[in-house]
Amino acid sequence: MWPDTRLCDLFGIEHPIVQAPMMGSCTPALASAVANAGGMGSLGCGEKSASTIEAEAQAIRARTNRPFNLNFFVIQPEETDPRVLEKTREKLQPWYEDLGLGEPPSELPAPGRGFDDERLDLVLALKPKVVSFHFGVPEARIIEALKTAGIVLVSSATNVAEARALEDAGMDAIIAQGWEAGGHRGSHVPTAPFDGVGTMALVPQIVDRVSVPVIAAGGIGDGRGIAAAFALGACGVQMGTAFLNCPEAATEPARRERLRRATDRDTMVTDAFSGRSARAMRSRYAQEMESSRTELPRFPQMYALSGPIREVADDDDASFFLYGQAAALTRELPAGDLIDQLVHEAQAAMRTLATR
Ligand SMILES: Cc1cc2nc3c(=O)[nH]c(=O)nc-3n(C[C@H](O)[C@H](O)[C@H](O)COP(=O)(O)O)c2cc1C
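Residues numbered from 1 in each chain as written. Predicted model: local features only at pLDDT ≥ 70, side-chain atom pairs only at ≥ 80, totals over all residues. Heavy atoms only, no water.

J.: Pulling in residues and values, what's your account of empty space enclosed by the protein?
T.: Summed over all chains, the structure comprises two cavities of 30 Å³ or more. Considered as a void within the structure, the largest cavity measures approximately 50 Å³ in volume. The wall of the largest cavity is formed by Lys91, Thr270, Asp271, Ala272, Met289, Glu290, Arg293, Thr294 and Leu296. Taken together, the residues that form the lining of the largest cavity break down as three nonpolar, two polar and four charged. Looking at the second largest cavity, its volume works out to about 40 Å³. (1 Å grid on protein atoms, 1.4 Å probe; cavity = no way out; pocket = protein on both sides within 12 Å on 5 of 7 lines; lining within 4 Å. Points joined across faces, edges and corners; volume = space filled by probe spheres on them. Nonpolar A, V, L, I, M, F, W, Y, C, P; charged D, E, K, R; others polar.)

Right, here's the structure in full:
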């Protein structure tokens with residue numbers, strides 16, 4: 001049924017379509033609907049508490065007995081240089097004034113914790129089929145413990161060197177995340193917002209340089225994109241934006257409306273909300289911050305400074321709505337129906353190419 005079944009075999013799924021983990025947007029209902037339709041459902045765990053992750057994983061298990069994926073960030077707990085904080089506060093002062101928010105915060109929350117021992121123990125207890133990582137290579141002892149427990153490991157790469165580092169570290173598959181992708185770029189070190197390789201160029205170059213299965217991600221919006229990913233040598237796809245308008249997603253109504261009107265030029269890559277480059281809706285805040293670039297507080301500490309602005313400003317001014325360049329292809333369908341349609345479209349596209 002699929003030209004390459006290595007990913008399906010590795011994950012124990014029927015269709016090589018991974019619903020991307022999307023912190024804040026994916027839900028147990030979304031992940032389980034995708035799993036029940038034969039794809040790989042994912043839950044973004046990011047910086048969620050252990051009790052939330054446990055409850056959400058149990059909620060998936062209550063709805064499906066199929067494999068699913070828990071996703072975590074690989075981040076080092078790094079402090080922001082006080083001078084960077086001061087400069088950023090000065091830069092944001094006019095926004096705070098205009099919005100009647102008083103002074104920008106002078107203290108930052110604790111740095112992000114990443115995948116620490118508490119998370120390791122939790123994952124070993126929950127034992128999902130797959131664990132995926134974003135932003136880097138997990139520590140060797142973590143990889144060893146998870147693999148010994150029989151968990152399949154995947155992580156994102158945004159260039160060939162990152163993909164090779166992931167394979168060397170023992171990842172079972174690699175997500176090749178291209179420039180078109182919605183959400184945070186999974187680069188292993190923070191990169192400037194204008195620095196990225198497109199999916200079309202990235203996937204075959206990674207395929208040529210690693211021996212593990214490659215999952216293409218970024219700008220894949222329908223079955224044509226899935227067929228193209230296979231032509232580039234991938235053996236599966238990870239799609240995020242395509243699922244944002246499913247009823248099971250946690251997307252707010254105003255954002256659903258925005259997706260209905262989406263165009264190819266709606267988004268831009270910005271680090272001005274979180275401290276790390278992410279593709280999100282074009283906004284006045286992101287454009288202004290980009291046109292006068294300065295070093296910003298570390299991810300995820302920058303959220304504390306952009307947060308009050310996001311809360312109060314109009315969406316067009318400062319919404320941190322993460323979505324990708326193929327958003328106009330997004331459909332409003334229950335996730336299981338969307339998987340069925342994507343499978344149908346991809347296979348039709350592959351048949352057409354084979355008979356031409
Ligand atoms: C709303 C949103 C949130 C995301 N959050 C995460 C996340 O928590 N972890 C992660 O590994 N990837 C995250 N991503 C990136 C996806 O894994 C994937 O690379 C991307 O969605 C693929 O591009 P597409 O949106 O064009 O399909 C997110 C993407 C979106 C759109």
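Moving on, there is more to tell.
J.: Explain the pairing of strand S9 (residues 236-239) to me, using residue names and the numbers behind them.
T.: Going residue by residue along S9, you find Gly236 and Gln238 tucked away on one face and Val237 and Met239 tucked away on the opposite face as well. As paired strands, strand S1 (residues 17-19) and S9 are joined by three bridges and run parallel to one another. Paired with Ile17 across the strands is Val237, a residue of S9. Inspection of the sheet shows strand S8 (residues 214-217) paired to S9 by three bridges, in the parallel sense. Within the sheet, the bridge partner assigned to Ala216 lies in S9 and is Val237. (Buried < 20%, exposed > 50% of the residue type's maximum accessible area, 1.4 Å probe, protein only. Helix = DSSP H or I, 4+ residues; strand = E, 2+ residues; numbered from the N terminus. Pairing = 2+ DSSP bridges.)

J.: So what about the packing of helix H2 (residues 28-36) against helix H3 (residues 50-63)? Which residues, and what values?
T.: Between H2 and H3, whose axes approach to 9 Å, the crossing angle comes to 35°. Note on packing geometry: the crossing formed by H2 with H3 is right-handed. In contact with Pro28, Ala29, Ala31, Ser32 and Asn36 of H2, H3 contributes Glu56, Ala59, Ile60 and Arg63. Class assignment for the residues of the contact of H2 with H3 results in five nonpolar, two polar and two charged. (Axes fitted to C-alpha atoms, helices over the stretch in contact; angles between N-to-C directions. Left-handed = near helix turned anticlockwise from the far one by under 90°. Contact = heavy atoms within 4.5 Å.)

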